[in-house]
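Coordinate inspection notes
The primary structure of each chain is shown beneath.
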Amino acid sequence: SGMQLTCWKDAGIATPADLSNRTLGVWFFGNEFPFMSWMSKLGISTEAKGEMGVEVLKQGFNVDPLLQRQADCISTMTYNEYWQVIDSGVGAEELITFKYEDQGVATLEDGLYVLEENLEDPAFVAKMERFVRASMKGWKYAEANPDEAADIILENDASGAQTEMHQQRM
């Protein structure tokens, strides 16, 4: 899992035990479950800010709450939002990160799923096998050719929001 909590060091956060009595930005829509599991594991309430509780700020899929100091920590992915914070001018030495994987609460992400009954159809299974093989071939090509892969994304980015450097890191 690439999910992590990214925090300001100057907020006095050095270990997970320091998260109490803080405001933490958390993604929802299913992404909150590893966070809630982690807080439960630590014995920290998510009901309210206090000695053994945190205020949970429902975070959009951006880094604004950290940059605007609305939250002491926010949800980030190691390969995406963390770098958005760095690209905004924040130094890595100003941050501390807690990877969910290291905290024992990581979950599988962005998987491919099928309905079990479809696996009884040999034609469907064959089609899915071809799809997975082609996808893996594409990922391996992108890994071996990051500049070209970034160019392909940029050529197809209708929003114009993507940058070459960001896509190469992705």
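Residues numbered from 1 in each chain as written. Predicted model: local features only at pLDDT ≥ 70, side-chain atom pairs only at ≥ 80, totals over all residues. Heavy atoms only, no water.

Before going further, it helps to examine the packing of helix α4 (residues 122-144) against helix α5 (residues 146-155). Viewed as axis vectors pointing N to C, α4 and α5 meet at an angle of 115°, and their least axial separation amounts to 5 Å. Put simply, α4 runs roughly perpendicular to α5. Here α4 contributes Y141, A142, E143 and A144 to the contact with α5, which in turn contributes P146, E148 and A149. Considered class by class, the residues forming the contact of α4 with α5 number 5 nonpolar, no polar and 2 charged. (Axes fitted to C-alpha atoms, helices over the stretch in contact; angles between N-to-C directions. Helix = DSSP H or I, 4+ residues; strand = E, 2+ residues; numbered from the N terminus. Parallel < 35°, antiparallel > 145°, perpendicular 65-115°, else oblique. Contact = heavy atoms within 4.5 Å. Nonpolar A, V, L, I, M, F, W, Y, C, P; charged D, E, K, R; others polar.)

Let us look at α4. End to end, α4 covers 33 Å across 23 residues, agreeing with the expected 33 Å (1.5 Å per residue, within 8%). Where α4 starts, the residue carrying a side-chain oxygen 3.0 Å from the main-chain nitrogen of A123 turns out to be D121. (Expected span 1.5 Å × (residues − 1). Polar contact = N/O pair within 3.5 Å; in protein donor to acceptor, adjacent residues only side chain to side chain.)

On the surface, D147, E148, D151, E155 and E164 cluster together into a negatively charged patch. Among the elements that make up the negative patch, the one with the highest residue count is α5 (4 residues). Looking at where E164 falls in the secondary structure, it is placed in helix α6 (residues 164-169). (Patch = residues over 30% accessible without salt bridge, like charges linked within 9 Å, V, L, I, M, F, W, Y side chains within 5 Å. Areas by Shrake-Rupley, 256 points an atom, 1.4 Å probe, with all protein chains shown as cover. Salt bridge = Lys/Arg side-chain N within 4 Å of Asp/Glu carboxyl O. Lys, Arg positive; Asp, Glu negative; His and termini not counted. Charge placed at Lys NZ, Arg CZ, Asp CG, Glu CD.)

Taken together, L112, F131, V132 and M136 make up a surface patch of nonpolar side chains, about 390 Å² in accessible area. With respect to the element layout, M136 can be found in helix α4.

Evaluation of the coordinates by the stated rule reveals 4 aromatic pairs. Measuring from ring centre to ring centre gives 5.6 Å for W38 and Y100, while their planes differ by 55°; the resulting arrangement is tilted. Taken together, the positions of W38 in helix α1 (residues 32-42) and Y100 in the loop between β5 (95-99) and α4 put the pair 62 residues apart, joining distant regions of the chain. Each member of the pair, W38 together with Y100, is buried. Through a chain of ring-to-ring contacts, three or more aromatic side chains come together here, namely W38, F98 and Y100. Here R69 stacks its cationic end above the ring of W8, 3.8 Å away from the centre of that ring. (Phe/Tyr/Trp six-rings, centres within 6.5 Å; stacked < 30°, edge-to-face > 60°. Buried < 20%, exposed > 50% of the residue type's maximum accessible area, 1.4 Å probe, protein only. Lys NZ or Arg CZ within 6 Å of the ring centre and 35° of its normal.)

This model, assessed by the stated rule, comprises 3 salt bridges. As a salt-bridge pair, R169 and D87 come within 2.5 Å of each other at their nearest N and O atoms. Here R169 is found in helix α6, whereas its partner D87 is found in helix α3 (residues 81-87), with 82 residues between them in sequence. For R169, a relative accessible area of 26% puts it in the partly exposed group. A salt bridge links R133 to E129, with the shortest nitrogen-to-oxygen separation between them at 2.9 Å. One end of the pair, R133, and the other, E129, are both in helix α4, 4 residues apart, so they sit about a helical turn from each other. According to the relative accessible area criterion, R133 is exposed, its value standing at 57%.

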